[in-house]
Amino acid sequence: MDVIRIEHLHKTYRTGFRMRRQEVIKDLSLTVREGEIYGFIGPNGAGKTSTIKILVGLAHATSGTISLFGKKGPRPEQKALIGFLPERPYFYEYLTAREFLDFYGQLFGVPAPVRARRADKLLERVKLSAWRDTPLHKFSKGMLQRVGVAQALINDPKLVILDEPMSGLDPLGRMLIRDLIVGLKSQHKTVFFSSHILSDVELICDRVGILVDGRMRGEGTLDELLNNKTRFIEIVVRPPLEKLEALRSGLASLAMDVSVQGEERLLVRVGDAAQKRDVLNWLRDRDVDIESLIPRRESLEELFVDELSGGRGDAGVSPG
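Description of the structure in this document.

Thresholds applied
Residues numbered from 1 in each chain as written. Predicted model: local features only at pLDDT ≥ 70, side-chain atom pairs only at ≥ 80, totals over all residues. Heavy atoms only, no water. Helix = DSSP H or I, 4+ residues; strand = E, 2+ residues; numbered from the N terminus. Rg over C-alpha atoms; globule rule 2.2 N^0.38 Å. Buried < 20%, exposed > 50% of the residue type's maximum accessible area, 1.4 Å probe, protein only. Contact = heavy atoms within 4.5 Å. Salt bridge = Lys/Arg side-chain N within 4 Å of Asp/Glu carboxyl O. Pairing = 2+ DSSP bridges. Axes fitted to C-alpha atoms, helices over the stretch in contact; angles between N-to-C directions. Core = buried A, V, L, I, M, F, W, Y, C linked by side-chain atoms within 4.5 Å. Patch = residues over 30% accessible without salt bridge, like charges linked within 9 Å, V, L, I, M, F, W, Y side chains within 5 Å. Areas by Shrake-Rupley, 256 points an atom, 1.4 Å probe, with all protein chains shown as cover.

With respect to the overall build of the chain
A tally of helices and strands in the chain yields 11 helices and 14 strands. For 320 residues, the compact-globule formula gives about 20 Å, and the C-alpha radius of gyration of the chain, at 25 Å, lies well above that figure. The buried share of the chain, reckoned over its 320 residues, is 45%. By sequence separation, contacts in the chain at least 24 residues apart represent 68% of the contacts at least 6 residues apart.

Here you go:
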């Protein structure tokens, strides 16, 4: 089942003194399947937050349709099944972390004993148990972001929508939220999140949608988007130290790039099978041991930069 289905979505705002029309979402269509982690990426101003606001009912589409859980939405009964963290959440700073989660649990009609158990469990999951009775105004930005993720789960949602959940987090905090998102998938929940941190998206997402200037520029699994394309092959060799400079000079005419790694290794990059064959034969003739040979495929970040620069289609794409 498709938990989210967006078809031909358009959103236009009127801005400025003359109330000029600005179209921020342009014929957007996407699907998010049950039980998957979907990464929604794009530059600032691409329309990601506007799309998310329409999904959760905080804004209305100019045209197009949205279906949630197989029915046209968003309706109140569908919203009850959604956990949501906005890009800029508001925190009642004089509530403690436990009181904050209890408040949101009440909004969803969760019974008091269940609220208390869930709040304690969620604070433990985001590593904030020791601060459960601390007012939120004493929390750091990263701690507030983690308690915000916890409130998005207080109603035990089937669909979790997170707008920039890694914002303000240090590497340990990002790892914690990544693990939490993967854990939600293991509970058969569906996660839809936007992020600027492409390495996190690449690590945990089943499918990815790339939004540029309000239009979907690519959607699919990472393998589908990247086409398993190998950008280059890295060959690492460890020759005798006295031969290192001579070997580097000799390889320079055969490879894309040759550099010294540390003080005793050569890193050789080749661009295709013919270069690889020539380099390996050259090294073999000189009795040089090969330490490793690793194909480096295109990364999501490289694909993203290509899309922004128009390298895969529309030239002159504006970043926002």
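Topic: the pattern of salt bridges
Inspection of every chain in the model, using the stated rule, returns 18 salt bridges. One salt bridge in this structure joins Lys-189 and Asp-156, with 2.8 Å as the shortest N-O distance. One end of the pair, Lys-189, is in the loop between α6 (171–186) and β8 (190–194); the other, Asp-156, is in the loop between α5 (141–151) and β7 (159–163), and 33 residues separate them in sequence. Judged by relative accessible area, Lys-189 falls into the buried class, the value being 10%. Take Asp-156: its relative accessible area is 44%, and that puts it in the partly exposed class. A salt bridge links Glu-219 to Arg-207; the shortest N-O distance between them is 3.6 Å. Of this pair, Glu-219 sits in strand β10 (residues 215–220) while Arg-207 sits in strand β9 (residues 207–212), and the two are 12 residues apart along the sequence. Glu-219 gets classed as partly exposed once you look at its relative accessible area, which sits at 32%. Judged by relative accessible area, Arg-207 falls into the buried class, the value being 5%. When salt bridges that share partners are traced, they join Arg-98, Asp-120, Arg-132 and Asp-133 into one network.

Remarks on the sheet that holds strand β2 (residues 20–33)
One open sheet accounts for four strands, arranged β2-β1-β4-β5; its pairing is antiparallel. Strands with a single pairing partner mark the edges of an open sheet, and in this sheet they are β2 and β5 (71–72). Those strands touched by helix α1 (residues 48–56) are β1 (2–15), β2 and β4 (63–68), and its axis lies near 115 degrees from that of β1.

Focus on the nonpolar core
With 47 residues, the main nonpolar core has Ile-41, Leu-101, Leu-136, Val-147, Ile-181, Phe-193 and Val-208 as its most contacted residues. Once you skip the residues sitting within four places of it in the chain, Ile-41 turns out to touch Lys-48, Ser-195, Leu-198, Val-201, Val-208, Gly-209, Ile-210, Leu-211, Leu-300 and Phe-304.

A word on the environment of Gly-220
Position of Gly-220 relative to the elements: it lies in strand β10. As for Gly-220 and Arg-125, which are separated by 95 residues in sequence, their C-alpha atoms are 30 Å apart. Look past the residues within four positions of Gly-220 in its chain and what remains in contact with it is Arg-207, Val-208 and Leu-225.

Here we look at a nonpolar patch on the surface
Taken together, Tyr-90, Tyr-92, Phe-103, Leu-107 and Phe-108 make up a surface patch of nonpolar side chains, about 520 Å² in accessible area. Tracing the backbone through its elements, the reader meets Phe-103 in helix α3 (residues 97–107). A relative accessible area of 30% means that Phe-103 is categorised as partly exposed.

A closer look at the pairing of β4
The pairing of β1 with β4 spans five bridges and is antiparallel. Within the sheet, the bridge partner assigned to Glu-7 lies in β4 and is Thr-65. If you look at the hairpin formed by β4 and β5, you'll find two residues sitting between the two strands, and Phe-69 has a positive phi there, around 55 degrees.

So, the sheet that holds β8
Here six strands make up an open sheet; going across it, the order is β6-β7-β8-β3-β9-β10 and the pairing mixed. Looking at which strands have only one partner, the edges of the open sheet turn out to be β6 (82–85) and β10. Across the sheet, the mean angle separating the axes of adjacent strands is 15 degrees when strand polarity is ignored. Pairing geometry for β6 and β7, over four bridges, is parallel.

Treat this as a map of the structure, not an account of what it does.
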